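Geometric and topological summary
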Number of protein chains: 2
Amino acid sequence: MRQFQSDLCHALETCDGGATFSTDTWQHEGGGGGISRVIEGGDVLEKGGVNFSAVQGELSPQFLKMLQMPDPNYFATGVSVVLHPHSPMVPITHMNVRYFEAGNGQAWFGGGIDLTPIYVDLKQAREFHAQMKAVCDKHHPSYYPEFKKWADDYFYNEHREETRGVGGIFFDRLMATAEISLEERFAFVRDVAYAFAPFYTAIMNQNRNLPYGEQEKQWQLMRRGRYVEFNLVYDRGTKFGLLTKGRIESILMSLPTHASWIYNFTPEPGSAEAMTQDYLKKDVDWLNVQ
Amino acid sequence: MRQFQSDLCHALETCDGGATFSTDTWQHEGGGGGISRVIEGGDVLEKGGVNFSAVQGELSPQFLKMLQMPDPNYFATGVSVVLHPHSPMVPITHMNVRYFEAGNGQAWFGGGIDLTPIYVDLKQAREFHAQMKAVCDKHHPSYYPEFKKWADDYFYNEHREETRGVGGIFFDRLMATAEISLEERFAFVRDVAYAFAPFYTAIMNQNRNLPYGEQEKQWQLMRRGRYVEFNLVYDRGTKFGLLTKGRIESILMSLPTHASWIYNFTPEPGSAEAMTQDYLKKDVDWLNVQ
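Residues numbered from 1 in each chain as written. Chains lettered and ligands numbered in written order. Predicted model: local features only at pLDDT ≥ 70, side-chain atom pairs only at ≥ 80, totals over all residues. Heavy atoms only, no water.

Describing the overall build of chain A
- For chain A, the helix and strand inventory stands at 9 helices and 10 strands.
- Here chain A has a C-alpha radius of gyration of 19 Å; the compact-globule value for 290 residues is 19 Å, and the two agree.
- Once the C-alpha set of chain A is aligned to its principal axes, its extents read approximately 55 × 40 × 40 Å.
- Looking at chain A alone, contacts between residues at least 24 apart form 68% of all its contacts between residues at least 6 apart.
- Accessible surface computed for chain A: about 12000 Å², of which carbon and sulfur atoms make up 51%.
- Computed over 27 positive and 36 negative side-chain charges, the inter-centroid distance for chain A is 1 Å. (Helix = DSSP H or I, 4+ residues; strand = E, 2+ residues; numbered from the N terminus. Rg over C-alpha atoms; globule rule 2.2 N^0.38 Å. Contact = heavy atoms within 4.5 Å. Areas by Shrake-Rupley, 256 points an atom, 1.4 Å probe, with all protein chains shown as cover. Lys, Arg positive; Asp, Glu negative; His and termini not counted. Charge placed at Lys NZ, Arg CZ, Asp CG, Glu CD.)

A look at the relation of the copies chain A and chain B
- Superposition of chain A onto chain B requires a rotation of 180 degrees combined with a translation of 0.0 Å along the rotation axis, giving an RMSD of 0.0 Å. These values place the two chain copies in the arrangement generated by a two-fold rotation axis.
- Most of the interface of chain A is mirrored in chain B, where 100% of its interface residues are also at the interface. (Least-squares fit on C-alpha atoms with pLDDT ≥ 70 in both.)

Notes on the layout of surface pockets
Residue and element names in this part refer to chain A.
- Considered as a void within the structure, the second largest pocket measures approximately 980 Å³ in volume.
- Lining the second largest pocket are 44 residues, and of these Arg 98, Arg 236, Gly 237, Thr 238 and Phe 240 lie nearest its centre.
- A total of 7 residues in the lining of the second largest pocket trace back to one element, the largest contributor, which is strand E4 (residues 73-85).
- Residue classes in the lining of the second largest pocket are distributed as 19 nonpolar, 18 polar and 7 charged. (1 Å grid on protein atoms, 1.4 Å probe; cavity = no way out; pocket = protein on both sides within 12 Å on 5 of 7 lines; lining within 4 Å. Points joined across faces, edges and corners; volume = space filled by probe spheres on them. Nonpolar A, V, L, I, M, F, W, Y, C, P; charged D, E, K, R; others polar.)

Overview of unusual backbone geometry
Residues and elements named next belong to chain B.
- A positive phi angle, close to 55 degrees, is found at Glu 161, a residue other than glycine.
- Residue placement: Glu 161 occurs in the loop between strand E7 (156-157) and strand E8 (162-163).
- Take Glu 161: its relative accessible area is 57%, and that puts it in the exposed class.
- Non-glycine residue Asn 264 carries a positive phi angle of around 55 degrees.
- Mapped onto the secondary structure, Asn 264 falls in the loop between strand E10 (258-260) and helix H9 (272-279).
- The exposure class assigned to Asn 264 is partly exposed, which follows from its relative accessible area of 32%. (Buried < 20%, exposed > 50% of the residue type's maximum accessible area, 1.4 Å probe, protein only.)

A look at the sheet that holds strand E3 (residues 45-58) of chain B
All names here are of chain B.
- Spatially, the 7 strands line up as an open sheet ordered E1-E2-E3-E4-E5-E6-E9, and their pairing is antiparallel. Both edges of this open sheet fall to strand E1 (22-27) and strand E9 (168-174), since each of them pairs with a single strand only. Sheet twist, expressed as the average angle between the axes of neighbouring strands with direction ignored, equals 10 degrees.
- Where strand E2 (residues 32-40) meets E3, 9 bridges bridge the pair, whose relative direction is antiparallel. Directly across from Glu 40, in E3, lies its bridge partner Lys 47. (Pairing = 2+ DSSP bridges. Axes fitted to C-alpha atoms, helices over the stretch in contact; angles between N-to-C directions.)

Comments concerning the pairing of strand E9 (residues 168-174) of chain A
Residue and element names in this part refer to chain A.
- In terms of residue burial, E9 counts as a mostly covered element, since 6 of its 7 residues are buried.
- In terms of strand pairing, strand E6 (residues 107-116) meets E9 through 5 bridges, oriented antiparallel. Across the sheet, Asp 114 pairs through a bridge with Gly 168, a residue of E9.

As for helix H7 (residues 236-243) of chain A
- Every buried residue of H7 of chain A is listed here: Thr 238, Phe 240, Gly 241 and Leu 242 of chain A.
- Check the buried side of H7 of chain A and you find it contacts helix H2 (61-67), E4, strand E5 (92-102), helix H6 (214-233) and helix H8 (248-251) of chain A together with helix H6 (214-233) of chain B.
- If you check the start of H7 of chain A, you find a side-chain oxygen 3.3 Å away from the backbone N of Gly 237 of chain A, and it comes from Asp 235 of chain A.
- After H7 of chain A finishes, the residue Lys 245 of chain A shows a positive phi value of roughly 55 degrees. (Polar contact = N/O pair within 3.5 Å; in protein donor to acceptor, adjacent residues only side chain to side chain.)

So, H9 of chain B
All names here are of chain B.
- Looking at H9, one finds that the buried residues are Glu 273, Ala 274 and Thr 276. For H9, the buried positions fall inside an angular range of 160 degrees around the axis, keeping them on one side.
- Along its buried surface, H9 packs onto H6. (Arc of directions from axis to C-beta.)

Concerning the pattern of salt bridges
- Overall, the coordinates contain 32 salt bridges over all chains when judged by the stated rule.
- Two residues, Arg 164 of chain A and Asp 114 of chain A, come together in a salt bridge whose shortest N-O distance is 3.0 Å. Here Arg 164 of chain A is found in the loop between strand E8 (162-163) and E9, whereas its partner Asp 114 of chain A is found in strand E6, with 50 residues between them in sequence.
- The buried category is assigned to Arg 164 of chain A, whose relative accessible area is 7%.
- As a salt-bridge pair, Glu 249 of chain A and Arg 160 of chain B come within 2.9 Å of each other at their nearest N and O atoms. One end of the pair, Glu 249 of chain A, is in helix H8; the other, Arg 160 of chain B, is in the loop between E7 and E8, on a second chain.
- Taking the relative accessible area as the measure of exposure, Arg 160 of chain B reaches 14% and is therefore buried. (Salt bridge = Lys/Arg side-chain N within 4 Å of Asp/Glu carboxyl O.)

Considerations on the packing of aromatic side chains
- Inspection of the entire model under this criterion finds 48 aromatic pairs over all chains.
- Plain terms: the ring middles of Phe 100 of chain A and Trp 108 of chain A are 5.8 Å apart, the flat faces sit at 5 degrees to each other, and that makes the pair stacked.
- Judged by relative accessible area, which is 12%, Phe 100 of chain A ranks as buried.
- Here a set of aromatic residues connected by ring pairs shows up, and it is made of Tyr 143, Phe 147, Trp 150, Tyr 154, Phe 155, Phe 170, Phe 171, Phe 188, Phe 230 and Tyr 234 of chain A.
- One Lys or Arg, Arg 173 of chain A, reaches over the ring of Trp 108 of chain A and ends 4.5 Å from the middle of that ring.
- The ring of Tyr 156 of chain B has Lys 282 of chain B lying over it, and the distance from NZ or CZ to the ring centre is 4.1 Å. (Phe/Tyr/Trp six-rings, centres within 6.5 Å; stacked < 30°, edge-to-face > 60°. Lys NZ or Arg CZ within 6 Å of the ring centre and 35° of its normal.)

Quick word on the environment of Glu 58 of chain B
Residues and elements named next belong to chain B.
- Locating Glu 58 in the fold gives a position in strand E3.
- Each C-alpha atom of the pair Glu 58 and Lys 138 lies 36 Å from the other, and the pair is 80 residues apart in sequence.
- Every residue in contact with Glu 58, bar those within four places of it in the chain, is listed here: Pro 72, Asn 73 and Tyr 74.

A few points about the state of the cysteines
Residue and element names in this part refer to chain A.
- Taken as a whole, this structure holds 0 disulfides over all chains when the rule is applied.
- Residue Cys 9 stays outside any disulfide, its sulfur separated by 13 Å from that of Cys 15, the closest cysteine.
- Cys 9 gets classed as buried once you look at its relative accessible area, which sits at 1%. (Disulfide = S-S within 2.5 Å.)

A closer look at the side chain of Ser 254 of chain B
Residue and element names in this part refer to chain B.
- Among the secondary structure elements, Ser 254 is positioned in the loop between helix H8 (248-251) and E10.
- The class of Ser 254 is buried, set by a relative accessible area of 8%.
- A distance of 3.0 Å separates polar atoms of two side chains, one belonging to Ser 254 and the other to Asn 231.
- Polar contacts involving the side chain of Ser 254 include one to the main-chain carbonyl oxygen of Ile 251, which spans 3.5 Å.
- For Ser 254, the contacting residues outside a window of four places in its chain are Val 82, His 84, Tyr 227 and Asn 231.

Printed below as a string of structure tokens:
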């Protein structure tokens, strides 16, 4: 996980070209700690965080029930990434890989990658999903359809009745089964992790020089507002961090430098903003959108 | 409640002088509805919402338990206000008065006023608390000490270990008792409501022409970020609205036009920002701060 964090930061820095990641290490009160790496004011990335943590502790009874954990003792390690570009033409993205161990010996992997374009580009969304499918198909034919649906359901602002973006893949509690060993689960998760930088740096390079104006910037700030809503109201990783007394600045480094809320904003019918809004729903067949 | 909403908007418009409140009426799926009034781009107020609602419905079992409600049927009416000024020298403020009726006939009032200065002004904080105490003392000697403490505990960002601002008063479930009738509770709540405009328009006028620069503006955007965190993570009114399928734009009109998150920002020791940060804690005796 630490090696992956380091490789990923290096790939993102190289692509960005304008700034490098700072490094903060921290301790967790129950045991363990983490390394938070943050980039600010890059050429492409306004703010990006790549967080590694490996923490242990004991969950409160209330939290135990909420998480449906079999035992209060836990060990959790993972890398979590959120990238907020300056340009509204470059999508926000998020990636996470994690490993959990409960006190009773149960162990599982979780993770995912999702993409939040400010303006949906159908070709790019299709290619993104094709790449996610390729990573999944290498390991199991059921993975992509199952994890794509899971992403639709998870990255969803229930109160807005809209998805956070064009989805991607999301999975949790991938344990050893009669058919699939924990080692095979790990091999899949490692492939997901290492698929992230190639996919996203390609999009950074494709979109970094696209022109935009005030209208696009304002729409971006509002979409970032929805991102904040999702992370603070629904995101389980954020909740887990806040409730287990994680390091706040590392948990909330997923929030953008600037975000905006405009009362009752409705995109002009037929505009690029309205087209994006129309695509923020579940069950879009992204592999075949035209 | 509707008369109060109208009086309050009139007082705020007159003081602001640069914009007027728009009006949206809406229906609630369980029955009833509301009137949302919003001001944007005023001389003092960048964004302000004054929301009236009177809704009824039936609570889900999960929500019933969470709210500790005695009966799934409810009727709720209230006015809720959040004001975000342009200038970091003018505090953010919030006010709410509400009346609940459960299906079993139990009825109660709730509400409060709190102040979130971007820069704590001790004299203004002292005067604000003296005004709140005067309103409380008119009705019961226990009200101010009890409701001041309640505000400290309620308007608290647990994960940051900091209060939202300098507190104020907060109260809930004020029912009829052997000592105090429901009519007397109502008289108190009405006085709280009508104390709001005089208190806040005085602060608007005192502070509206104070100079400020880039540093103050950036600090304001970050304090607004904390305001967003509180409202989305903790605020019960927001949760109630989201879970009872209220009108989203009316619930989230409490969020500022612009907010900001800077990774690991720490105020310079001895700065005005650090002084404010030091005061964002519970149990400050605001009536006697010097």
